[in-house]
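What the coordinates show
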Amino acid sequence: MTQSDNFARLADLEPRREALEEIRHHLHANPELSFEEEKTAAFVADKLESWGYEVTRNVGGHGVVGCLTVGTGGRSVAIRADMDALPILEKTGLPYASKFEGKMHACGHDGHTTMLLGAAEYLARTKNFNGTVTLVFQPAEEAGEISGAQAMIADGLFERFPCDAIFGLHNHPGAPEGTVLTRSGPIMAAADTAYIKVIGKGGHASRPHLTVDPVMVACSLVMALQTVVARNIDPTETAVITVGAIHGGEASNVIPDDVDLAVSIRSFSPVVRDLLQKRVCELTEQHVAAYGATAEIKYELGYPVVVNSDAETVFATEVVRELIGDDKVSTCPLIPGSEDFAYFLQHKPGSFLRLGNGVDSAVLHNPKYNFNDANLPVGSALWARLAERYLAAGGNGAEA
């Protein structure tokens, strides 16, 4: 950061930490699952309206969009936070733990929402930009098949609220708190699922020769599927095939008629993604046929690869370095997890960042996970500074 700039600094948001913690703890205690974020959305919308934003509710479900225009600049930058919680029984023992059994903010979306609200308040108070800030509070990121990002886009998000670029972030357990990880190009994986039913011929366990044992076939298939990555995917590429569930049979002396498998498939490029689908399906059908069994395959395409555009990632990295220093910024490794922010990046240039949640943080989707409150001023200052820089009167943001 140069001595002469007047963009948001961490010191500008630190005094707001107590207020931000109050917001985050309220959201954490009152989690709402995907497609159920009615009260969370109303809370967010009311805050934005009180600060002078033009607010549109119910975008793609419970989505909230807040817009604030200052000056005559024609550019617009969008920043997104997700709002939904997970169906997990919380085990943190925190005084602000979830009030609703079986529902929990175990992925930090309460923190993501709070940081963007912190930036929203600061930007509305200081108005140190020239253009339009568009804040996207998204529901149903955890939904999977039809996500909040898809729903908001289908509801005309980018037509109704034009922007030149869009940015987002996710907390990152395992990285030191207050550090930021960035990466151009692919950063998070496409996540697809294959549901496979191996169909054999059941019978008595003592007479296996009179059956086609789907349990044995399924076990062999689990091992065979690992050869797809090992022998069909270029070693310089990255892919994962994990059989996460296998169900079949009820008694030790009965060979069942069929066995069900659920397979998670991760990739970082469209070419590899297509090849994985082709080979998983081909290998499954041919492998089980060798044992005299058949297979029914339901292959579901999930979230696509999150691909950060180069110019916007360079810009965001520059903003982060100015804010917290070079020593707290690093290159993010490829993350096999998935994110529906990928859909936004299929329509607009932008970048998705990772914010360290602490080296001792519980992992995401764990019942003992908790968002690190020390990050609230950091994330708020990051979003405020990024918006100011992008919409600076001098035009020193990322090129549109």
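Keep in mind the model is a prediction, meaning the values are calculated, not measured.

Conventions adopted
- Residues numbered from 1 in each chain as written.
- Predicted model: local features only at pLDDT ≥ 70, side-chain atom pairs only at ≥ 80, totals over all residues.
- Heavy atoms only, no water.
- Helix = DSSP H or I, 4+ residues; strand = E, 2+ residues; numbered from the N terminus.
- Rg over C-alpha atoms; globule rule 2.2 N^0.38 Å.
- Contact = heavy atoms within 4.5 Å.
- Areas by Shrake-Rupley, 256 points an atom, 1.4 Å probe, with all protein chains shown as cover.
- Lys, Arg positive; Asp, Glu negative; His and termini not counted.
- Charge placed at Lys NZ, Arg CZ, Asp CG, Glu CD.
- UniProt positions renumbered as here; feature names shortened; annotations may be inferred.
- 1 Å grid on protein atoms, 1.4 Å probe; cavity = no way out; pocket = protein on both sides within 12 Å on 5 of 7 lines; lining within 4 Å.
- Expected span 1.5 Å × (residues − 1).
- Polar contact = N/O pair within 3.5 Å; in protein donor to acceptor, adjacent residues only side chain to side chain.
- Phe/Tyr/Trp six-rings, centres within 6.5 Å; stacked < 30°, edge-to-face > 60°.
- Buried < 20%, exposed > 50% of the residue type's maximum accessible area, 1.4 Å probe, protein only.
- Lys NZ or Arg CZ within 6 Å of the ring centre and 35° of its normal.

1. Structural notes on the overall build of the chain
Secondary structure assignment for the chain yields 11 helices and 16 strands. Its C-alpha radius of gyration of 24 Å places the chain within 12% of the 21 Å reference for a compact globule of 400 residues. Each of the three principal axes of the chain carries a C-alpha extent, and together these read 80 × 45 × 40 Å. Contacts in the chain between residues at least 24 apart in sequence constitute 81% of all its contacts with a sequence separation of at least 6. Only carbon and sulfur atoms are counted for the fraction: they give 52% of the accessible area of the chain, which is about 16900 Å². Here the chain contributes 32 positive and 51 negative side-chain charges, whose respective centroids are spaced 2 Å apart.

2. Quick notes on the UniProt feature "binding site: Mn(2+)" (unreviewed entry) in the chain
UniProt's entry tags Cys107, His109, Glu142, His170 and His365 with the feature "binding site: Mn(2+)" (unreviewed entry), counted in the numbering of this structure. Spanning 259 residues, the named residues nonetheless gather at one spot, since no C-alpha pair among them exceeds 13.1 Å. Restricting the annotated residues just mentioned to those that line the largest pocket leaves Cys107, Glu142, His170 and His365. Its place among the elements puts His109 in helix H4 (residues 109-126).

3. Details of the UniProt feature "domain: Peptidase M20 dimerisation" (unreviewed entry) in the chain
As annotated by UniProt and renumbered to match this structure, "domain: Peptidase M20 dimerisation" (unreviewed entry) occupies residues 193-283. Secondary structure content for residues 193-283 is 36% helix and 33% strand, and the end C-alpha separation is 15 Å.

4. Overview of helix H7 (residues 214-232)
For H7, which comprises 19 residues, the first-to-last C-alpha distance of 25 Å matches the rise-based estimate of 27 Å (1.5 Å per residue) to within 8%. In this fold, the buried residues of H7 make contact with strand E8 (190-199), strand E10 (239-247), strand E11 (254-255), strand E12 (258-267) and helix H8 (270-289). You can read the cap of H7 off the contacts: a side-chain oxygen lies 2.9 Å from the backbone nitrogen of Val215, and it is on Asp213.

5. What to know about the packing of aromatic side chains
Applying the stated criterion to the full structure yields seven aromatic pairs. Both rings, one in Phe341 and one in Phe344, keep their centres 5.6 Å apart while their planes meet at 75 degrees; by these two values the pair is edge-to-face. Of the two residues, Phe341 and Phe344 both sit in helix H10 (residues 341-345), three residues apart, roughly one turn of that helix. For the residue pair Phe341 and Phe344, the accessibility class agrees, reading buried in each case. A cation over a ring is seen here: Arg75 above Tyr390, with NZ or CZ 4.2 Å from the ring centre.

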